[in-house]
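# Reading the structure
As a plain string of letters, each chain reads:
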Amino acid sequence: MAQGGKHIANVTPPEAADDPPFDLPEAPPREAEPSVSARALQRTTAHTYMDGLNPEQRQAVEALDGPVLVLAGAGTGKTRVLTTRIAHILASGRAYPSQVLAVTFTNKAAREMKERIGDLVGGAVEGMPWLGTFHSIGVKILRRNAELVGLSSGFTILDTDDQIRLMKQVIEAEGLDKDRWPARQLAALIDGWKNRGLTPDKVPAGEAYGFATGKGAHLYAAYQRRLKELNACDFGDLLLESLRLFLENPDVLADYQRRFHYILVDEYQDTNVVQYLWLRLLAQGSPNLCCVGDDDQSIYGWRGAEIDNILRFEKDFPGAKVIRLERNYRSTGHILAAAAGLIAENKGRLGKTLFTDDQPGAKVSVTAVWDDEEEARGIGGDIEEMQQARQSLDEIAILVRASFQMRAFEDRFITLGLPYRVIGGPRFYERQEIKDAIAYLEITANPVNDLKFERIINVPKRGLGDTSVKRVRELARMRSIPMYQAAQLIIETEELTGRARKSLSDLIANFERWRSVISHLKHTELAELILDESGYTAMWQADKSPQAQSRLENLKELVRSMHEFESLQGFLEHVSLVMDTDQAAGGDRVSLMTLHAAKGLEFEVVFLPGWEEGLFPHQRSLDENGQAGLEEERRLAYVGLTRSKRLAKVSFAQNRRNRGLYQSALPSRFVDELPEDHVDILEAKMPFGGAYENFGGTFGNSYRRSRFDDAATPFEASYKTPGWQRAKARTREGFSRDAARKSRGPTTIEGELVASSTQQTSFKPGERVLHQKFGPGTIAGVDGNKLTIEFDEAGRKRIIDSFVERG
DNA sequence: GTTCGCTCACTTTTT
DNA sequence: GTGAGCGAAC
């Protein structure tokens, strides 16, 4: 990526001239060094890489010509197929490594693929320059052709923080009230537009109303202008701008089309509109497009993923071959059957039936508990028993719908002294101290990054407040120079007061000194020097808050992680895109994470707590996306169940403390959708025996009373007892039909309500409406059949049109 | 320029 | 109930 700039004039990549003859299987590598393809060829004779594939997998590997959709169910060997297919392409001499485009969503997936191809082909895969995430490939293409989209090849990539800081400035520059129109919201809006491939001029008028009374699109345009001035891109631009590059420069597009003979896409069900358009353009060059995915595991609709992309594949790519991988190598029979029964309730799916030759194993267990605390106690107890039975904790996971659920478990595990790890939380490079440290390093290496400079200009506090910063910024904009340079000028003048002037000139002097030693100091030593001399380390040492210690640890870890890189430059280039560190390490521990974070992982034992209406499926998902939202939630449940190899344990609480408030809850409809033949109803354990008797009467609420009154003790409820039978009946008829219609609107009614951006509503911005739960409000924006409504009481919400009436 | 206290929101999250 | 973020007071 670093040398990208040198390629600007030379759009044609050198390797393109060396395209191997397409139909000669044994196209010889021309280079002297043993290339990946050469090593792959050596392996061909041994045929090791195809060993052990089942017939469908083999078919997916060998179907090299034309469009192919591999529908790979959970645990059916998806990654194996992808990597083997690449190995096969290389080994059969069909293409050079540089002619294969392979895209993933996460760095982790890309890394894994590289490793596994390396294993198959026998060596590291330096020769696969186009295997990476959508974003990293977008950057690569953009850097080579930056001038064509108004950037220069050294453009910086903004992270979310920078993005928001910049948007705040844009909002203020437009003379808008930054409190009434929060930058976060604008960022989300613009992100959404970018995901859908919309440049500022293409934003539909109705949606632009949603922000700052119609100024949404205008702000978007202003923001894009500022980005160009700063020679910067946000994440969305990496794709949208490379799409624009292709559309506006047919010669560049044609060049890449010629280059990529084979295109492979992982997790196709997660692609958004831009990614789809981008792929479709590239695939026009070579029809050898292979998309691997599972429509049943599409759980990222809320961040722009279009499940339609995968559902439409055969229409988009006529003559496409569809291969289903249905043999599951992960879970035992009952778990698989329970998951299959659940997902069968979804309408919008291509349809697959997973099967296994494994044992039926244990049924999925369902447990009703009193509240979230008891749930945590129960699961904690179960885990301790398993631990005594020598079950490795690494193979146990608790998968929750929302992160606030984690708290109860963490509290409990801490009391029990049970080792656990939280996966997914704020990632290493997202932490404040890490971002600050990186900003220091960045400014030292590259003083033109204004947003990074603003980030640390007054961190630690050195008396440079808003007014001083504003002066510097204004001078920078007036002269069209970076703020760092403006700061250098301003300290020579009387612009700033004595104190501010002194500390700014000290800061600049520091940076100058650090920069002067870049070349003769090891980059890790330089980092330590900077963190010390800037007073940054001292700032946290002086901090007496409980997190300060771990922040210092993180800083040490940062320096440690820099050892892997050659130079400061090399390190900085990686952090802008490759923002993850391994979280898995650290001894035998129970894993705690959200269902979303669990996708792609597997565990022997999986606990699935919190299966309650309103939490899972989440109320907001239902409100905002209707039937489509419900189906996505159901897929999430399916993902949860299919993570489990041997034991899946579902539970739901009858009461949950949500936001300080103790509220009664009904079992999730998903509980009842699990096929009974594959489910075991367990009784909750009663660690405090008699104490529980009280709950029935004293603390009972109307729901609970009516459901469990008749049972001798509340927790003997099982499918067999009358109490449970009635509860179930109530859940099905009483709640799902009537109550649902009354209290939540018609979400659950079969299949009519689908959120869609194509379906237009008759509502217009400015109209007054009435919602059953949120009361009266005014429509602020329209997006298909989704309305953004400013409720008089409840604030701003996004709601499907059929949930409100004119009022 | 810093600190205190109030208000607000609170599903999921990668790059 | 809790934490973050912002405005007003020091």
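Overview of the structure. Here the structure is a predicted model, which is why all the values come from computation and not from measurement.

## Quick notes on the overall build of chain A
- Looking only at helices and strands, one finds 32 helices and 21 strands in chain A.
- Classification of the 807 residues of chain A by burial places 54% in the buried group.
- Residue pairs in contact within chain A that sit at least 24 positions apart in sequence constitute 75% of those at least 6 positions apart.
- Total accessible area computed for chain A in this model is approximately 34700 Å², and 50% of it derives from carbon and sulfur atoms.

## Describing the protein's contact with DNA strand B
- In the region of DNA strand B, 28 residues are neighbours, and R401, S403, R427, T594 and R620 sit closest.
- The sugar-phosphate portion of DNA strand B accounts for 60% of its atoms within 4 Å of the protein, the bases making up the rest.
- Interatomic distance of 3.1 Å between a side-chain N/O atom of W302 and a base oxygen of DNA strand B.
- A distance of 2.3 Å separates a phosphate oxygen of DNA strand B from a polar atom in the side chain of S403.
- Looking at the surface near DNA strand B, the elements that each hand over two or more residues are helix 20 (466-479) and helix 28 (619-642).
- Of the residues that constitute the surface near DNA strand B, the class distribution is 6 nonpolar, 15 polar and 7 charged.

## Re the sheet that holds strand 3 (residues 131-133)
- An order of 3-2-6-7-1-8 is seen for the 6 strands of this open sheet, with the pairing classed as parallel. A strand with exactly one partner marks an edge of an open sheet, and here the two such strands are strand 3 and strand 8 (321-325). If you compare each strand with its neighbour and ignore which way they point, the axes differ by 15 degrees on average.
- Running at roughly 165 degrees to strand 3, helix 4 (residues 107-121) makes contact with strand 2 (100-104) and strand 3 of the sheet.
- Along the sheet, helix 5 (residues 134-144) contacts strand 2, strand 3 and strand 6 (262-265); its crossing angle with strand 3, the most-contacted strand, is approximately 105 degrees.

## Here we look at the protein's contact with DNA strand C
- Near DNA strand C, the surroundings consist of K168, K178, D179, R407, R659 and G660.
- Expressed as a percentage, the sugar and phosphate content of the atoms of DNA strand C within 4 Å of the protein is 75%.

## As for helix 5
- The buried fraction of helix 5 is high, at 9 of 11 residues.
- Residues of helix 5 that are buried: F134, S136, I137, G138, V139, I141, L142, R143 and R144.

## Some details on the packing of aromatic side chains
- Inspection of every chain in the model, using the stated rule, returns 23 aromatic pairs.
- Each ring, one from W611 and one from F616, has its centre 5.4 Å from the other, and the planes form 85 degrees; the classification is edge-to-face. The exposure classification of W611 matches that of F616, with both residues buried.
- Their ring planes at 75 degrees and their centres at 5.3 Å tell us that F616 and F670 sit as a pair that is edge-to-face. Of this pair, F616 sits in the loop between strand 13 (603-608) and helix 28 while F670 sits in helix 29 (residues 669-673), placing them 54 residues apart in sequence. One exposure class covers both F616 and F670, and it is buried.
- The ring of Y300 has R303 lying over it, and the distance from NZ or CZ to the ring centre is 3.6 Å.
- Over the ring of W302 we find R303, and its NZ or CZ is 5.9 Å from the ring centre.

## A short note on the pairing of strand 2
- By the criterion of burial, strand 2 is predominantly enclosed, with 5 of the 5 residues buried.
- A two-sided burial pattern is seen for strand 2, the buried positions comprising V100, A102 and T104 on one face and L101 and V103 on the other.
- Taken together, the 4 bridges between strand 2 and strand 6 define a ladder with parallel strand orientation. Looking across to strand 6, one finds that V103 is bridged to V265.
- Taken together, the 3 bridges between strand 2 and strand 3 define a ladder with parallel strand orientation. Across the sheet, the residue bridging to A102 is L131, located in strand 3.

## Description of helix 9 (residues 216-229)
- Look at helix 9: 20 Å from first C-alpha to last across 14 residues, which is about the 20 Å you get at 1.5 Å a residue.
- All buried positions along helix 9 are accounted for by G216, A217, L219, Y220, A222, Y223, Q224, R226 and L227.
- The inward-facing, buried residues of helix 9 contact helix 6 (160-173), helix 7 (183-195), helix 8 (205-208), strand 5 (232-233), helix 10 (235-248) and helix 20.
- Residue N231 follows helix 9 closely and has a positive phi angle near 55 degrees.

## Quick word on unusual backbone geometry
- Cis peptide bonds are those with omega within 30 degrees of zero, and the linkage from V459 to P460 qualifies with -5 degrees.
- As for its placement among the helices and strands, P460 is situated in the loop between helix 19 (450-456) and helix 20.
- Residue P617 follows F616 across a cis peptide bond; omega there is 5 degrees.
- Relative to the elements of secondary structure, P617 occurs in the loop between strand 13 and helix 28.
- One non-glycine residue, N231, adopts positive backbone phi at about 55 degrees.
- When you line up the elements, N231 lands in the loop between helix 9 and strand 5.
- In this model, E267 sits at a positive phi of 50 degrees, which is unusual for a non-glycine residue.
- On the secondary structure map, E267 appears in the loop between strand 6 and helix 12 (273-283).
- Under the relative-accessibility criterion, E267 is labelled buried at 17%.

## A closer look at the pattern of salt bridges
- The tally for this structure, following the rule as stated, stands at 51 salt bridges.
- Taking the shortest distance from any N to any O, the salt bridge between R657 and E373 comes out at 2.6 Å. A residue pair is termed long-range when its members are at least 10 positions apart, and R657 in strand 14 (residues 644-657) and E373 in helix 16 (residues 372-388) qualify at 284 residues.
- Measuring nitrogen to oxygen at the nearest pair gives 2.8 Å for the salt bridge that ties D506 to K502.

Conventions adopted
Residues numbered from 1 in each chain as written. Chains lettered and ligands numbered in written order. Predicted model: local features only at pLDDT ≥ 70, side-chain atom pairs only at ≥ 80, totals over all residues. Heavy atoms only, no water. Helix = DSSP H or I, 4+ residues; strand = E, 2+ residues; numbered from the N terminus. Buried < 20%, exposed > 50% of the residue type's maximum accessible area, 1.4 Å probe, protein only. Contact = heavy atoms within 4.5 Å. Areas by Shrake-Rupley, 256 points an atom, 1.4 Å probe, with all protein chains shown as cover. Near = heavy atom within 4 Å. Polar contact = N/O pair within 3.5 Å; in protein donor to acceptor, adjacent residues only side chain to side chain. Nonpolar A, V, L, I, M, F, W, Y, C, P; charged D, E, K, R; others polar. Pairing = 2+ DSSP bridges. Axes fitted to C-alpha atoms, helices over the stretch in contact; angles between N-to-C directions. Phe/Tyr/Trp six-rings, centres within 6.5 Å; stacked < 30°, edge-to-face > 60°. Lys NZ or Arg CZ within 6 Å of the ring centre and 35° of its normal. Expected span 1.5 Å × (residues − 1). Salt bridge = Lys/Arg side-chain N within 4 Å of Asp/Glu carboxyl O.

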